[in-house]
Amino acid sequence: MVPYTVTSFYTSLASLILISAILAASVNLLAGHGGLLSIGHAGIAAASSYGYAWAIHAGWSVLGAIGMAAVLTLGVSLVFGLMAMRTSGIFFIMVTLALGMVVFGLTFRLASITGGENGLSGIRRPGFISEYWQFYFLCLAAFVACTVALWVVARSPYGTSLRGIRDSESRMLSLGYQISRYKLGGMMISGSVAGIAGLLAVWHSQFISPTSAGFGRSALIVVIVILGGVGTTFGPLVGAAVVMWIENVLSSSVERWPTLLGLAFILVIVFAPQGIVGGARELVFRRRARRSVSPPELESVDPASPAAAVTPPPHPQKIGHDR
């Protein structure tokens, strides 16, 4: 396991990768199965982080603070869903972007609650996850639970309906499906997972600032989803590992690390449009297909062999008709 093989820095990095993968998985549910790309999920995660941080600063218990984070997460997710459930395509993207920027603006406007530009610091973890290795195992358990839950949702009748809406919204509407409700439900499920990532994020850094709700954070999550593979189960984890490694490890030796991230993104788009996981899966399928279809064996028969001697001559072709 990670805590027993690497240093505390890399264990903390692994925890950050898992947290980013959970947030990316929430975006992946809507993008991969509903065809709805959200560029505002960082705002939902930040609402959870701010809710917990404010409650702790106000003297609430840990359970009360978690409850506040859950309430804010569901409330913001509901607003996102109500505003975006009647949109699709580029309009859905713009609505979620606008709502995310509203949350970002409120972090400055409500400075008495959020701390404004300085943010909120001194947010200690609960006692049972105070050690870095304990927190890693919590993040691992949360990632496994969220991945399994989203996998079940994606393969349930509800997930099938989401894919139907993605493929042909007009056909699903003609069949009697209430598309707006399915989109609202998808946003609520996705937002709940994003809220879990936000709570883990504030425990990880023990600090929250408006940057967590900014456009840059949301855009980075979308990059993670695309790099890993939209609609894949483990794509968010692979994409998060690549992005977090470049941002937190290579950035210490390479000044222009965003350029490396951009090059990696371009290479994946050109050579693996389905993402790293999607491209690897397609490559495996192709190799299996080639192995299952073997070329016909050409048997060469020696004219001097007994097999050639007993081979009957071909029948002569009839030129005319018998009368």
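Everything numeric here is computed off the predicted structure, so don't read it as measured data. (Residues numbered from 1 in each chain as written. Predicted model: local features only at pLDDT ≥ 70, side-chain atom pairs only at ≥ 80, totals over all residues. Heavy atoms only, no water.)

## Concerning the overall build of the protein chain
Within the protein chain one finds 15 helices and two strands. For 323 residues, the compact-globule estimate of 2.2 N^0.38 gives 20 Å, and the protein chain exceeds it by more than 25% at 27 Å. Counting only C-alpha atoms and orienting by the principal axes, one finds that the protein chain spans roughly 110 × 55 × 35 Å. Classification of the 323 residues of the protein chain by burial places 41% in the buried group. Contacts in the protein chain between residues at least 24 apart in sequence constitute 75% of all its contacts with a sequence separation of at least 6. Side chains of the protein chain carry 20 positive and 11 negative charges; the gap between the two charge centres is 11 Å. (Helix = DSSP H or I, 4+ residues; strand = E, 2+ residues; numbered from the N terminus. Rg over C-alpha atoms; globule rule 2.2 N^0.38 Å. Buried < 20%, exposed > 50% of the residue type's maximum accessible area, 1.4 Å probe, protein only. Contact = heavy atoms within 4.5 Å. Lys, Arg positive; Asp, Glu negative; His and termini not counted. Charge placed at Lys NZ, Arg CZ, Asp CG, Glu CD.)

## Comments concerning the packing of aromatic side chains
Per the counting criterion, the structure on display carries eight aromatic pairs. Where Trp 54 meets Trp 60, the ring centres are 5.5 Å apart and the plane angle is 65°; that geometry is what we call edge-to-face. Classification of Trp 60 as partly exposed rests on a relative accessible area of 37%. An aromatic cluster of three or more residues is present, and its members are Phe 9, Tyr 10 and Trp 245. Over the aromatic face of Phe 135 sits the side chain of Arg 125, whose NZ or CZ is 4.5 Å from the ring centroid. (Phe/Tyr/Trp six-rings, centres within 6.5 Å; stacked < 30°, edge-to-face > 60°. Lys NZ or Arg CZ within 6 Å of the ring centre and 35° of its normal.)

## Notes on the nonpolar core
Ranked by size, the top nonpolar core spans 67 residues in total, and within it Ile 22, Tyr 52, Leu 200, Val 202, Trp 203, Val 243 and Met 244 carry the most contacts. It is helix α2 (residues 8-34) that provides the largest number of residues to this core, a total of 14 residues. In contact with Leu 200, not counting residues within four places along its chain, are Ile 19, Ile 22, Phe 135, Leu 138, Cys 139 and Ala 142. (Core = buried A, V, L, I, M, F, W, Y, C linked by side-chain atoms within 4.5 Å.)

## So, the pattern of salt bridges
Taken as a whole and judged by the stated rule, the model has three salt bridges. In this structure, the salt-bridge partner of Asp 167 is Arg 166, at a minimum N-O distance of 3.1 Å. Under the relative-accessibility criterion, Asp 167 is labelled exposed at 59%. Overall, the relative accessible area of 36% leaves Arg 166 in the partly exposed class. For Lys 183, the salt bridge identified is with Glu 169, shortest N-O distance 3.5 Å. (Salt bridge = Lys/Arg side-chain N within 4 Å of Asp/Glu carboxyl O.)

## Things to note about the packing of helix α11 (residues 215-228) against helix α12 (residues 235-248)
Closest axis-to-axis distance for the α11/α12 pair is 7 Å, and the angle between their directions is 120°. With respect to α12, the axis of α11 lies oblique. Viewed along their axes, α11 and α12 form a crossing whose handedness is right-handed. Packed against α11, whose contacting residues are Leu 220, Val 223, Ile 224, Leu 227 and Gly 228, the element α12 presents Gly 235, Pro 236, Gly 239, Ala 240, Val 242, Val 243, Met 244 and Glu 247 at the interface. Looking at the contact of α11 with α12, its residues break down into nine nonpolar, three polar and one charged. (Axes fitted to C-alpha atoms, helices over the stretch in contact; angles between N-to-C directions. Parallel < 35°, antiparallel > 145°, perpendicular 65-115°, else oblique. Left-handed = near helix turned anticlockwise from the far one by under 90°. Nonpolar A, V, L, I, M, F, W, Y, C, P; charged D, E, K, R; others polar.)

## What about the confidence of the model for the protein chain?
With 90% of its residues at a pLDDT of at least 70, the protein chain reaches an overall mean of 88. A low-confidence stretch, residues 297-301 (pLDDT under 50), is modelled with one contact involving residues beyond four sequence positions or located in other chains. Overall, residues 316-323 carries pLDDT values under 50, and its contacts beyond four positions in sequence, including any with other chains, amount to zero contacts. (pLDDT = per-residue confidence, 0-100.)

## Some words on the side chain of Ser 190
Position of Ser 190 among the secondary structure elements: in helix α10 (residues 179-205). Residue classification places Ser 190 among the buried positions, given a relative accessible area of 0%. Every residue in contact with Ser 190, bar those within four places of it in the chain, is listed here: Ser 26, Val 27, Leu 29, Leu 30 and His 41.

## Description of the environment of Asn 118
Looking at where Asn 118 falls in the secondary structure, it is placed in the loop between α6 (111-114) and β1 (120-121). Separated by 27 residues in sequence, Asn 118 and Ala 145 place their C-alpha atoms 33 Å apart.

## Quick notes on a positive patch on the surface
On the surface, Arg 287, Arg 288, Arg 290 and Arg 291 cluster together to form a positively charged patch. Counting through the fold element by element, Arg 288 comes out in helix α14 (residues 275-292). Residue class for Arg 288 comes out exposed when judged on its relative accessible area of 57%. (Patch = residues over 30% accessible without salt bridge, like charges linked within 9 Å, V, L, I, M, F, W, Y side chains within 5 Å. Areas by Shrake-Rupley, 256 points an atom, 1.4 Å probe, with all protein chains shown as cover.)

## A few points about the side chain of Lys 183
You can see Lys 183 is positioned in helix α10. Since its relative accessible area comes to 4%, Lys 183 is described here as buried.

## Considerations on the environment of Ala 240
Here Ala 240 lies in helix α12. Looking at Ala 240, the relative accessible area reads 0%, which means it is buried. Separated by 223 residues in the primary sequence, Ala 240 and Ile 17 place their C-alpha atoms 5.5 Å from one another. Not counting residues up to four positions away in its chain, the partners in contact with Ala 240 are Ile 17, Ser 20, Ala 21, Ile 224 and Trp 245.

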